[in-house]
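# Structural overview
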Amino acid sequence: MSKSLNLYIGGGLATAALLTVAANFADRNISEMPSQPAVMTAGMSNPDTLFIAAANAAPEHVGVFGLGRVALPEEVSAWDLDISPDGTGLPSGQGSVLDGEELFSSYCAVCHGEFAEGVGNWPKLSGGEDTLADDDPLKTVGSYWPYLSTTFDYVRRSMPFGNAQSLTDDEVYAIVAYILYSNYLVDEDFVLNSDNFLDVDMPNSDGFIVDDRAEAEYPIWSLEPCMSDCKESVEITMRAAVLDVTPEETRARQIQNMIDATNPNSVSSSSSSSSSRTGQTTVVTTVVSTSSNAEETAPVDAELAGTGEKVFKKCKSCHQVGDGAKNRTGPHLNALVGRSLGSVEGFKYSKTLTDMGTSGTVWNDETLAAFLANPKAYAKGTKMSFAGLRKESDVTAVIEYLRSFSR
Amino acid sequence: MSDSVKGPTTSRRQFLAGAASVGAGALAAGSAKAAGDPLITEVQDWASGLGDGVDEVPYGLPIEFESDVVRRNVPWLTADPISSINFTPIHALDGTITPQGCAFERHHSGAIEMRKQDYRLMINGLVDTPLVFSYDDLVRFPRENHVYFCECAANTGMEWAGAQLNGAQFTHGMIHNMEYSGVSLRTILQEAGLDAAGDLKDKWVYVEGADASSNGRSIPMEKALDDCLVAFAANGEALRKEHGYPVRLVVPGWEGNMWIKWLRRIEVTDAPVESREETSKYTDTQEDGTSRKWTWEMDAKSVVTSPSPQSPIKHGPGPLVITGLAWSGRGAIKRVDVSLDGGKNWHEARLAAPGDKMAVSRFYLDINWDGTDMLLQSRAIDDTGYVQPTKTQLRHVRGLNSIYHNNCIQTWWVKSSGEAENVEVS
């Protein structure tokens, strides 16, 4: 302790000395780096650095430069979550296929399907056995993943999409058990736990070889290449235009619209007819200019809606709103305020939301606030995996933002 | 006409005749009408009024006339744009450095926003002292600057089965090339001390990001101690959010997925973690159903960026600059050949500068185009002597079911109209 105090003072003196030198010889090169680590640990005037230093009163770190501080055991365990194929890092706990089925339905099925078969372009987690040598192999946890540790590790750290690290270890065990079940790798009464984890056979565990390009490819393609008359004839065998899957180049137009929209001159001239514009900045402007025409709803508070737009980032991974919004993981949120719960066509809601809607519940300030604060409490069984907005001010702001798309 | 113009020789008379025939349509700069070019003969607004002051744009974007030079994505490719990729507009860029604002992005859980003061980097595992660094700590280590390319392993992956996408941006745009400033990973590892790791030969470094995808990859210790960089700046300024602000890992020559963004943890281990990204993804299934893993290096590759489907020839026959990019994850580009006839005959292109290790090279072939169809190809050769293979050669070894590491020779069919199309040839 006294040693580090000395170092600090020493460092301070050294800095002062350097400054003096700088003042005296301002036109000379005095930027040479201090070579002693002791000098380099000084300079903890930054409050952020002080906080880090304060968090660690006990262990000392010498190192080469003496930079950084010793990581505390609780910090290491908070971040060091990876699990190795031999089970290193696996937490204790357990989960059954049956529990997993329910959890999977609530948290995972919206993208991966009730039977882990995948929805749209989202990953399929089951099926595909014996297809790896086929023309179009289906790579799933069952058919392709070599280690069960990878599945547990990934679900635990990165799922559900948009609400990662929200599952308990037991829930992860259960979901992994259900994924195994959906691949016919375990029976329906199976319970996965830290003891039987390594006993599960993964069908493709022997399906991988270490990169062999150095032997299999490099010798073939390291010969002096032919320069002239390398082949007798050249025929076109395939054309991209036939498939025609190149996306349209609409982005440039969108950007041009945004440039127009953010230009004060063009906003004033276009605000009355700018409903087709997609630029985020125009949304609020448009609302303000049209609010006087809206009879059934109160004017939108543009500033609050702006704050809500920032909060809405949390929702964006699943919900679209605004021009051209479509159903994605969650339903689109255009014209949300005033409509019945669970009523967007083409979206598969939980039974709870549909029932609430058909029994007359409508999205308004009150119902939205209750739902957004604690979705699962307000609508038990909702598929929305989001945990809820903790701050009341965030709830109010995001509702205001959504109201701006509800007229 | 410059002396450096090579290629099929056309007499000056023929060239002038050709130019005249398209001149009217092409609105060449010299299309002098009887009254002269009004852009010259009449006083233009910009020659009379005033432009923007220096306080107008504190940080500038490209002028609006370049608004089509942007990243683009392919919506059908992924389930959701948040876990997706977009493409660098390589067809419209020149030189070698990719501006950050249009350098491709690939996220697994979206581009997160993290302040420097909220940034922490942990190093743990088989080290003498597990450490935590703040951003301010990191920038106090001795720094290095290097130019490296970063290519997604899936670049050109959609072209395995056949010619699909019409544009160099879409077929080859999962690449960027930037100058990085940062601290060598070796320095960070040595700060924590590697005595506890014992024999370093069979040790690994597991690196992970701070975003919700927790993208993590295992890197052999040999590479970690060789040339990896813990980078905080690119092209002279802070990294962009989409590239991992404030800190990302740079793994020269190796697939982009390993260049962990928002780098938060470095763990020294005695075996690879076998994470999702190194087992279920970024592995290469061969014809017999077995899959290669740990295919880290990006093999030598090149593409003609112009002319190409998004960058057609608009000027008719005559002098034509054929240009493109070449790179190799195993060294420096030594030579690039260009074929105008689908690989029958090859011409050595001119490298704009001698190749640098694991950095993109720009090549040019200046020709006198006679206005007939071309089947344009380029072929990179790196300093290991590796020659970029054809698609047929690659398929012969790997089959049709690979996704990643497609470094085949690309063919553009340039028609007499100047338009180009992505094709495959025999």
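Computed from a predicted model, the values in this text were never measured in an experiment.

### Here's the deal with the overall build of chain B
The helix and strand inventory of chain B stands at seven helices and 23 strands. For a compact globule of 426 residues, the expected C-alpha radius of gyration is about 22 Å, and chain B comes in at 24 Å, within 12% of that figure. For chain B, the spread of C-alpha atoms along the three principal axes comes to 80 × 60 × 40 Å. Considering chain B as a whole, with its 426 residues, one finds that 61% of them fall into the buried category. A fraction of 72% describes how many contacts in chain B between residues 6 or more apart in sequence connect residues 24 or more apart. Within chain B, the 56 negative side-chain charges are centred at a point lying 3 Å from the centre of the 41 positive side-chain charges.

### What about the nonpolar core?
Across soluble globular proteins, nonpolar side chains show a tendency to be buried alongside one another. Of all hydrophobic cores here, the largest spans 94 residues; its most connected members are Tyr180(B), Leu189(B), Leu263(B) and Ile266(B). For this core, the element with the most residues is strand β9 (residues 229-234) of chain B, which contributes six residues. Not counting residues up to four positions away in its chain, the partners in contact with Ile266(B) are Leu121(B), Met122(B), Ile123(B), Asn124(B), Leu185(B), Ile188(B), Leu189(B), Val205(B), Tyr206(B) and Val207(B). Within the second largest apolar cluster, 40 residues are counted, among which are Phe104(A), Cys108(A), Trp145(A) and Leu148(A).

### A closer look at helix α8 (residues 169-182) of chain A
All names here are of chain A. The end-to-end C-alpha distance of α8, which contains 14 residues, comes to 20 Å, matching closely the 20 Å that a straight helix rising 1.5 Å per residue would cover. Along α8, 11 of the 14 residues are buried, which leaves the element largely enclosed by surrounding structure. The inward-facing, buried residues of α8 abut β2 (94-96), α5 (97-107), α7 (148-158) and β3 (191-193).

### Here's the deal with a nonpolar patch on the surface
Taken together, Leu39(B), Ile40(B) and Trp46(B) make up a surface patch of nonpolar side chains, about 430 Å² in accessible area. By secondary structure assignment, the location of Leu39(B) is in helix α2 (residues 38-41).

### As for the confidence of the model for chain B
The predicted coordinates of low-pLDDT regions are not to be read in fine detail. Residues and elements named next belong to chain B. Confidence along chain B averages 92 in pLDDT terms, with 92% of residues attaining 70 or more. pLDDT under 50 marks residues 1-27. Its contacts with residues more than four places away, or in other chains, come to 27 contacts. For this predicted complex, the interface confidence reaches an ipTM of 0.89, while the overall pTM sits at 0.75.

### Focus on the packing of α5(A) against α8(A)
Residue and element names in this part refer to chain A. Two elements in contact, α5 and α8, have axes separated by 7 Å at closest approach and are oriented at 95°. Classed by the angle they form, the pair α5 and α8 counts as roughly perpendicular. Residues Val97, Asp99, Gly100, Glu101, Leu103, Phe104 and Tyr107 of α5 lie in contact with α8, whose contacting residues are Glu171, Ala174, Ile175, Ala177, Tyr178, Ile179 and Tyr181. Of the residues contributing to the contact of α5 with α8, the split by class is 10 nonpolar, one polar and three charged.

### Overview of unusual backbone geometry
With an omega dihedral of -5°, the bond running from Met159(A) to Pro160(A) counts as a cis peptide bond. Looking at where Pro160(A) falls in the secondary structure, it is placed in the loop between α7 and α8. Note the cis peptide between Tyr245(B) and Pro246(B), where omega equals 10°. Here Pro246(B) lies in the loop between β10 (237-238) and β11 (248-250). With a phi angle near 50°, Trp262(B) is a residue other than glycine that sits in the positive phi range. Assignment of secondary structure puts Trp262(B) in the loop between β11 and β12 (263-269).

### Section: the pairing of strand β8 (residues 216-220) of chain B
Residue and element names in this part refer to chain B. With five of five residues buried, β8 is to be regarded as a mostly interior element. Every second residue of β8 is oriented toward a common face, with Gly216, Ser218 and Pro220 on one face and Arg217 and Ile219 on the other, all of them buried. Here five bridges tie strand β7 (residues 204-209) to β8, and the two strands are oriented antiparallel to one another. For Val207, the partnering residue across the bridge sits in β8 and is Arg217. With antiparallel pairing between neighbouring strands as the criterion, β7 and β8 make up a hairpin whose turn holds six residues, including Ser214 at a positive phi of roughly 45°.

### As for the side chain of Ser84(B)
Residues and elements named next belong to chain B. Mapped onto the fold, Ser84 is located in the loop between β1 (72-73) and β2 (86-87). Accessibility expressed as a relative area gives 6% for Ser84, which makes it buried. One polar contact links Ser84 to Thr78, side chain to side chain, over a distance of 2.6 Å. What Ser84 contacts, discounting residues up to four positions off in sequence, is Thr78, Glu105, Arg106 and His107.

### Considerations on a negative patch on the surface
Residue and element names in this part refer to chain A. Taken together, Asp99, Glu101, Glu102, Glu114, Glu117, Asp170, Asp187, Glu188 and Asp189 make up a surface patch of like negative charges. Among the elements that take part in the negative patch, α5 stands out by supplying three residues, more than any other. Tracing the backbone shows Asp187 in the loop between α8 and β3. Relative accessible area serves as the criterion here: at 57%, Asp187 is assigned to the exposed category.

### Some thoughts on the packing of aromatic side chains
Applying the stated criterion across every chain, the model contains 25 aromatic pairs over all chains. Seen from their ring centres, Tyr218(A) and Tyr386(B) are 5.4 Å apart, and the 90° between their planes marks the pair as edge-to-face. Here the residue Tyr218(A) occupies a position in the loop between α9 (213-216) and β5 (236-239), and Tyr386(B) occupies one in the loop between β21 (374-382) and α7 (391-398), the pair thus bridging two chains. Here Tyr218(A) falls in the buried class, since its relative accessible area comes to 10%. In textbook terms, an aromatic cluster arises when at least three aromatic residues are bridged by ring pairs, as seen for Trp204(B), Trp254(B), Trp294(B) and Trp296(B). Above the face of the Trp413(B) ring, Lys415(B) is positioned so that its terminal group lies 4.5 Å from the ring centre.

### Regarding the state of the cysteines
Residue and element names in this part refer to chain B. Applying the stated criterion to the full structure yields one disulfide over all chains. Looking at the unpaired Cys228, the closest cysteine sulfur is the one in Cys150, lying at 12 Å. Under the relative-accessibility criterion, Cys228 is labelled buried at 1%.

### Focus on the interface of chain B and chain A
Taken together, the contact between chain B and chain A spans 109 residues of the former and 95 residues of the latter. With both sides pooled, the region where chain B packs onto chain A buries about 8400 Å², and carbon together with sulfur makes up 54% of that total. At the boundary of chain B and chain A, one finds 10 salt bridges. A salt bridge links Arg213(A) to Glu297(B), with the shortest nitrogen-to-oxygen separation between them at 3.6 Å. Across the contact surface, chain B and chain A share 52 residue pairs in polar contact (both at pLDDT 80 or more). In terms of residue count, the dominant contributor to the side of chain B that touches chain A is strand β23 (residues 420-425) of chain B (five residues). As defined by bridge partners, β5(A) adjoins β23(B) across three bridges and the pair is classed as antiparallel.

### Re the pairing of β7(B)
All names here are of chain B. With six of six residues buried, β7 is to be regarded as a mostly interior element. Burial along β7 is two-sided: the residues Trp204, Tyr206 and Glu208 and Val205, Val207 and Gly209 are all buried. Bridge count between β7 and β12: six bridges; the pairing is antiparallel. Along β12, the bridge assignment pairs Val207 with Ile266.

### Some words on the sheet that holds strand β15 (residues 301-306) of chain B
All names here are of chain B. Pairing within the open sheet is antiparallel, and its four strands lie in the order β15-β16-β20-β19. Looking along the sheet, the strands with just one partner apiece sit at the ends: β15 and β19 (350-351). Two elements, strand β16 (residues 318-327) and strand β20 (residues 361-369), share nine bridges in a ladder whose sense is antiparallel. Note that in β20 the partner of Thr323 across the bridge is Tyr364.

### A short note on empty space enclosed by the protein
Residue and element names in this part refer to chain B. Inspection of the entire model under this criterion finds five cavities of 30 Å³ or more. Put simply, the largest cavity is a space of about 240 Å³. Lining the largest cavity are 22 residues, and of these Arg106, Arg248, Gly256, Trp259 and Lys261 lie nearest its centre. Class assignment of the residues belonging to the lining of the largest cavity gives a composition of seven nonpolar, nine polar and six charged. Considering the residues around the second largest cavity, the lining is formed by 13 residues, among which Ile90, Leu93, Thr96, Thr98 and Leu325 are closest to the centre. Broken down by element, the lining of the second largest cavity gets its largest block of residues, three residues, from strand β6 (residues 175-184). Along the lines of polarity and charge, the residues of the lining of the second largest cavity split into six nonpolar, five polar and two charged.

Reading the values: rules and limits
- Along each chain, numbering runs from 1 in the same order as the chain's sequence is written.
- Both sets of labels track the order of writing: A upward for chains, 1 upward for ligands.
- Reporting of local features is limited, given that this is a predicted model, to residues whose pLDDT is at least 70; pairs of side-chain atoms are given and counted only at 80 or more, and all residues count toward the totals for whole chains, interfaces and linings.
- The basis for every side-chain value is the complete set of heavy atoms in the structure, and neither hydrogens nor water enter the calculation.
- Here a strand is any run of E in DSSP of at least two residues, a helix any run of H or I of at least four, and the numbering for each starts at the N terminus.
- The atom set for the radius of gyration is the C-alpha atoms, and the globule formula is 2.2 Å times the number of residues raised to the power 0.38.
- Here the term buried applies to any residue with accessible area under 20% of the maximum for its type, exposed to any over 50%, and partly exposed to those in between, with areas from a 1.4 Å probe on protein chains only.
- Contacts between residues were defined by any pair of non-hydrogen atoms, one from each residue, lying within 4.5 Å.
- In this count, Lys and Arg are taken as positive residues and Asp and Glu as negative ones, while His and the chain termini are left out.
- Charge positions come from single atoms, namely NZ of Lys, CZ of Arg, CG of Asp or CD of Glu.
- The criterion is simple. A nonpolar core is a set of buried Ala, Val, Leu, Ile, Met, Phe, Trp, Tyr and Cys residues joined through side-chain atoms within 4.5 Å.
- What a helix is expected to span follows from its residue count: subtract one and scale by 1.5 Å.
- Like-charged residues are merged into a patch within 9 Å and nonpolar side chains (Val, Leu, Ile, Met, Phe, Trp, Tyr) within 5 Å, provided each residue has over 30% relative accessible area and no salt bridge.
- Computed with the Shrake-Rupley method and a 1.4 Å probe, the accessible areas treat only the protein chains shown as cover for residues.
- Salt-bridge detection follows one rule: a side-chain nitrogen of Lys or Arg within 4 Å of a carboxyl oxygen of Asp or Glu.
- Known as pLDDT, the predictor's per-residue confidence is scaled from 0 to 100.
- Here an angle of 0 to 180 degrees is reported between the N-to-C directions of two axes, which are lines fitted to C-alpha atoms, with helices fitted over the stretch in contact.
- Just so you know how the angles are binned, under 35 degrees is roughly parallel, over 145 roughly antiparallel, 65 to 115 roughly perpendicular, and the rest oblique.
- Ten residues, namely Ala, Val, Leu, Ile, Met, Phe, Trp, Tyr, Cys and Pro, are considered nonpolar, four, namely Asp, Glu, Lys and Arg, are considered charged, and the remaining ones, Gly among them, are considered polar.
- Only when DSSP finds a minimum of two bridges between them are two strands counted as paired.
- Polar contacts, as counted here, are pairs of nitrogen or oxygen atoms within 3.5 Å of one another; within protein the pair requires one atom able to donate a hydrogen and one able to accept it, and residues that are adjacent in sequence qualify only if both atoms are side-chain atoms.
- By convention, a stacked pair of Phe, Tyr or Trp rings (six-membered ring in the case of Trp) has centres within 6.5 Å and planes under 30 degrees apart, an edge-to-face pair has planes over 60 apart, and any other such pair is tilted.
- A ring is scored as having a charge over it whenever the NZ atom of a lysine or the CZ atom of an arginine sits within 6 Å of its centre and within 35 degrees of its normal.
- Only a pair of cysteine sulfur atoms within 2.5 Å counts as a disulfide in this structure description.
- Two parts placed together each lose some accessible area under a 1.4 Å probe, and adding up what both lose gives the buried area.
- Note on definitions: the grid is 1 Å and covers protein atoms alone; a cavity is a set of points where a 1.4 Å probe fits but cannot get out; a pocket is an open set with protein on both sides within 12 Å along at least five of seven lines; lining residues have an atom within 4 Å of a point.
- Grid points are joined across faces, edges and corners, and a volume is the space filled by probe spheres set on the points.

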